[in-house]
Each structure stands twice: as structure tokens, then as C-alpha cells.
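# Survey of secondary and tertiary structure
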Amino acid sequence: MKREELEITAELAYIALNEREIPRLQEEIAKILEHFSIMEKWEINNLQPTTHAFMEKNRLRNDTAGEPQYPDALLANAEELEDRFIVIPNVL
Amino acid sequence: MQALDQWKSVFRDPDKKAYYSKEVIDKEKKLGAFLEFDPEKDTPGSNNENESSKPLKNIPYAVKDNIAVKGFHLTCGSKMLENLVSPYSATAVEKLGMAGARAVGKTNCDEFGMGSSTDNSALGRTSNPWDLSRVAGGSSGGSAAAVAAGMVPFALGSDTGGSVRQPASFCGIYGLKPTYGSVSRYGLVAYASSLEVIGILSRNIEILQLVYHTIAGFDPRDHSSREIQRTEKPSGKTIGILPDLQDTDPLVVEQYKKTAEIAEKAGYTVKPITLKILDIVIPVYYTIAAAEASANLARYNGIRYGLRPDYAENPEELVRKSRDAGFGDEVKLRILLGTYVLRSGFQDQYYLRAQKLRTVIRNELDKIFQEVDYILTPVFPALPFLHGEGGLTSFQQKTADLFTATANLAGIPALAIPGGMAEGLPVGMQLLAPAFQEDALLEAAEIFSPYLPCEKPPLYMDRRL
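Not measured: the values here are computed from a predicted model.

### Quick notes on the interface of chain B and chain A
Listed by partner, the interface residues are 56 residues for chain B and 38 residues for chain A. Among the elements of the structure, α8 (278–296), α9 (315–326), α10 (329–342) and α11 (348–371) of chain B are those that each provide at least two residues to the side of chain B that touches chain A. Of the residues contributing to the side of chain B that touches chain A, the split by class is 30 nonpolar, eleven polar and 15 charged.

### Topic: the sheet that holds strand β11 (residues 374–378) of chain B
Residues and elements named next belong to chain B. Spatially, eleven strands are ordered β1-β3-β2-β6-β8-β7-β12-β13-β11-β9-β10 in an open sheet, and the strand pairing comes out mixed. Looking along the sheet, the strands with just one partner apiece sit at the ends: β1 (34–37) and β10 (269–272). Adjacent strand axes in the sheet meet at a mean angle of 30°, parallel and antiparallel pairs treated alike. Sheet analysis places strand β6 (residues 154–159) next to strand β8 (residues 197–202), joined by six bridges and oriented antiparallel. Within the sheet, the bridge partner assigned to L156 lies in β8 and is I200. Strands in contact with helix α7 (residues 250–265) are β9 (238–241), β10, β11, β12 (414–422) and β13 (425–432); relative to β12, the strand with the most contacts, it is inclined by about 110°.

### Points about the packing of α11(B) against helix α13 (residues 402–410) of chain B
All names here are of chain B. Viewed as axis vectors pointing N to C, α11 and α13 meet at an angle of 100°, and their least axial separation amounts to 9 Å. Judged by the angle between their axes, α11 and α13 are roughly perpendicular. Only T406, L409 and A410 of α13 make contact with α11, whose side of the interface consists of R358, I361, R362 and L365. Broken down by class, the residue content of the contact of α11 with α13 amounts to four nonpolar, one polar and two charged.

### Things to note about unusual backbone geometry
Residue B:S139 is bonded to the preceding B:G138 through a cis peptide linkage, with omega at 10°. Summarising the element assignment, B:S139 is placed in the loop between β5 (131–135) and α4 (141–148). In this model, A:Y14 sits at a positive phi of 55°, which is unusual for a non-glycine residue. Residue position: A:Y14 is located in the loop between α1 (3–12) and α2 (21–36). Residue A:Y14 is classed as buried on the basis of its C-beta count, with 22 C-beta atoms lying within 10 Å. A positive phi is found at B:F436, a non-glycine position, where the angle reads about 65°. As for its position among the elements, B:F436 is in the loop between β13 and α14 (438–448).

### What about the pairing of β9(B)?
Residue and element names in this part refer to chain B. Direction of pairing for β9 relative to β10: parallel, over a ladder of four bridges. Pairing of I239 across the sheet is with V270, part of β10. Inspection of the sheet shows β9 paired to β11 by three bridges, in the parallel sense. Bridge pairing in β11 places I241 opposite L376.

### Description of the packing of α2(A) against α10(B)
Packing of α2(A) against α10(B) leaves a shortest axis separation of 11 Å and a crossing angle of 55°. Classified by the interaxial angle, the pair formed by α2(A) and α10(B) is oblique. For α2(A) against α10(B), the interelement crossing comes out right-handed. Side by side, α2(A) and α10(B) meet where A:L25, A:E28, A:I29 and A:I32 of the first sit next to B:L333, B:L336, B:L337 and B:Y340 of the second. When its residues are assigned to classes, the contact of α2(A) with α10(B) shows seven nonpolar, no polar and one charged.

What counts, and at which threshold
Along each chain, the written sequence defines residue order, and numbers are assigned to residues from 1. Whichever chain is written first is A, and whichever ligand is written first is 1; the rest continue in order. The predicted nature of this model means local features are confined to residues of pLDDT at least 70 and side-chain atom pairs, given and counted, to a pLDDT of 80 or more, with totals for whole chains, interfaces and linings taken over all residues. Any pair of residues counts as being in contact when their C-beta atoms, constructed from backbone geometry, are within 7 Å of one another. Helix numbers and strand numbers start at the N terminus; a helix is a DSSP run of H or I with at least 4 residues, a strand a run of E with at least 2. Classes in brief: Ala, Val, Leu, Ile, Met, Phe, Trp, Tyr, Cys and Pro nonpolar; Asp, Glu, Lys and Arg charged; the others, Gly included, polar. Two strands are counted as paired when DSSP detects at least two bridges linking them. Whenever a helix is involved, its axis is fitted only over the stretch in contact; in every case the axis is a line through C-alpha atoms, and angles between N-to-C directions fall within 0 to 180 degrees. Here the word oblique covers every angle except those under 35 degrees (roughly parallel), over 145 (roughly antiparallel) and from 65 to 115 (roughly perpendicular). With C-beta atoms placed from the backbone, the exposure class of a residue follows from how many other C-beta atoms lie within 10 Å of its own: 20 or more, buried; 12 or fewer, exposed; in between, partly exposed. Crossing handedness: left-handed means the near helix sits turned counterclockwise from the far one by under a right angle, and right-handed means the same turn made clockwise.

Written as C-alpha cells, this is what we have:
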């Protein structure tokens, strides 16, 4: 895999890459993609894709109000709180 | 149930509980099966049912650390979620609580379930109770090691491409991957949503069956959950076998042949079959799993979830820093691979093609199940491997998932059973059956069990409970 392709992909995936990782990942991904190339030899005309093994249709819940679930336990997981707001680093 | 009787006293008698905890903590120094162990934390679920009629009353069990248990951590073996405490329990855990069972701890796993060794955990190292220099398998390696070493009578794991069956095989126990959708995924941290399911590991078939029927069933909280379809068809006696196993350790091949002979001795008709699809299982599986992982793991951005950097120049840098520090090498690799196969221009070549070939895999298995009732394969083409550089590379581990990932792509149930020993290490065999035939799989395992028993490893816990 070309370095440029890897860098574009990493940008899209929000993964920061350092110089040490780049050659290893290039090699590893190239090896996997080469292994994937066998898929090209199989006939896929007139086939429908399988997205889930058995799911036939989407199922939706009723659009009704429910009780809030455990908000305090969720907030307790935040690293820093100000009242009931989650504080994140100043990034502006 | 007799197999459970010896476990009932753990929570009934304070002295026995103290003894039990001490024994587990002592063995843990060598094994490293748990990321968190605390028998006091999980209080029994209360409902109106008669307490004494609860089938799993006071039975301890362990849960892989990517399945939510209220009050316990939910780390997924990742630095990203190292400090997360779950505010709720998964449906499977809730159902076990209602049946009286009590979670005693969370077990180690490959980060977000990505791996076959548990060595990809950022938070601990788990070893195989048969040989501490070797891995326990993965990704549910902690669950398998804890069960094999007699610390708990059963454990929950998750299986995306073999993550319950392969560690079960490496540790010499049973591991059930149920039909996709038969056990709710509510409370299972998502990795590859169309493939994964919560599974069960145990040394005992009866316990496995009881736990499966306790946790299975429709759950409105899981979009892909399904009603269990019970079949009236009596389980048949024809097993399909693969006459030619390529790229498989000769010791595994030898055990496979012996297992096929045992099947005949036990009254099964053994029929050679060809599984051409094995050529494409790995490319199809890893294309789909990586694509789904890249989408599912997008939520870890240091704001809504996950490790938060101390400072960042802008919001994008905040997300990148969080993901750089929070994710390990294998997780980054799979996110990158998944992002690549979904990229505009490459999607038809990889992702869409893989989904169409997934249809081919389903169709071929449907056809084979017209002729046979079960398919027998090895679980893994190699013996339990060494920790570190003496073991299998990340790429070798991926290509070795071919027997197990087949069941995830088709959504069918599969069971790892003990398949004898080679060089002092367990070898696991796999039985596959059509959707919702879990009971048929367990019935077959029962028939095999006198010939292929579940052996006790040297590190088996001496429980005088």
C-alpha cells in the first residue's frame, strides 16, 4: 500500500500515525489486501448482498417518551463535571 | 443438577466464600484470567419467582469484559475504556441474574475482541492453564482460562469470528456460539454487529444447555434479536467431514481423523464433503468485520467515550490524540483496513463483493445441510501457540480463523468440543449445524463425551467447597 493511500485512510479514520508505525502498517495492510484479491476470482453476477445472516426487515420501537436511564451513573464516568455538564479541554 | 451442586455453597457459607476467593486470587497470579474479580459486587436479581426454584441460584460465573455487568468495569481490554464503569447490565446478564446466578468478575480479552490470543489486551496477560508459556486463545481467552482452571462453572464470551470456540479449544473445554440473533446483543460492546453473538464456555454440557436456554430469546432492545425457532425434526445422524485439510498442523489432522472414527463408532454416518467456500471465508470475513469495526469504533473520540487527552489545539486533534493513545496496534490496523475497504472507489471491489460472496457462503452451507445434519471441522489449524514472538503472527492468526468464521458469516450455531490431546495440549473440534439447532449440537457433544472427555489441566483449582 502506498504511503499516500495509508495517510488518506488514516485521516478519514481519525488515527494519528507516527513514522515508526507507517512502514509496518503499509506492509501489513498490503499483505491482507493481497489475500483479499482471491475474491475477484469468484463469480458474483446476479447475487444479492447479505448484510445480516437472518434479518428480513428493519424493526423500530414505538416513538414514545420513556424514562431517562441511569443518567447519574453515566455522568459519574465523565472525567470532569461542572454541575451536570461534561468538561472537555479547551480546543477553540 | 448434579454438576452445579458443588458450586451452590460458595455464596451460602461465608467461610467457603472466603476460601473460594482466596483460591481464585492465588491461581490468578499465574493465570491472569480476570481483569476484575469481586464476588461481593453482583447482588442476586430479585423477581417474584420462588427463590428455591431458580435453576442457577447462587451459581458464580464470569463475564468477558466487553459485556456489561452493572457496577463492574467495562474495559474491552482497552486503555480507551480503562476507567469506564457500566451503569447497566446486558440482557444476557440480567436473565442470568433472574435465574439466580451471580457474576464474580470480568475476564480478560483481546482489545475490543480483536485477536486470537488475548495478548492484544492492553490491560493484562492471560496464560493457558495447560502450559503457562502459551496463550489461552482469544479473544475470550480470560473466560476460557477461568472455566478450564475450575474457577467458575461457566463464563460468557462473545464470538465474532471464533472468539468463544477458539479459546475453548485451546483450553480443552466446550464453547457454544449460538445462532446469530438468538441471544440478545444488548450490552455487548459492538465490534462487528452483523457477525457477533454472546456465547458460553463450560466444562459441562448440561450447564451449557441450561445457560443457553436461560439467556436465549427475543429482546426488543436488540434490533437483530429473533424469536427462537424450535424445530420438530429429530436430530439426524449424518456428519459431513473434510477429507483434505490444507495448511493444518499434522497433529490437529491426526486428532480430526480420530474424531471422525469416534463418530462412526458412536453410530453416526460419516460423509465426505467439499467446502470450496473455505478459500474465501477469510477475505470475506475480514473485509466485513473490519468495515463494521471502523464504523462501530468511530464513537471512541475522547468526548462521548474514551480516553481524553489533557490538551488539544482543535477538536480534530482532540479526537486523533484520544484514538492514538487509546487504541492498540491491532485495533488501529483493523480500523484502517475497514476504512480503506469502505472508501469511495474501493467499496465495490471489497465491501460489496464480500457481502455478495457472503451470500455464496450461506447458499453453499444450505446445500450441504440438505445432505448432512452436522459438519465436523477442527476449531483451529494449529495447537495453542506460545506467547510473543515464538507464536503466530497477527496475519497468521487471521488466516487461521477459517473454520470458525464460516459459522459467523452464515449466522449458524457452532460448538467447540474437546478433541483429545496432542503433546500435552488440548485440541478442539467443531460441530456446525443449521440455524437454531443448538440442542442438536449439544446432544451430539453428549454422545462424543465418553470418548473425548473434558480433561483437567495441571492448574485446575482444588475446590473443597
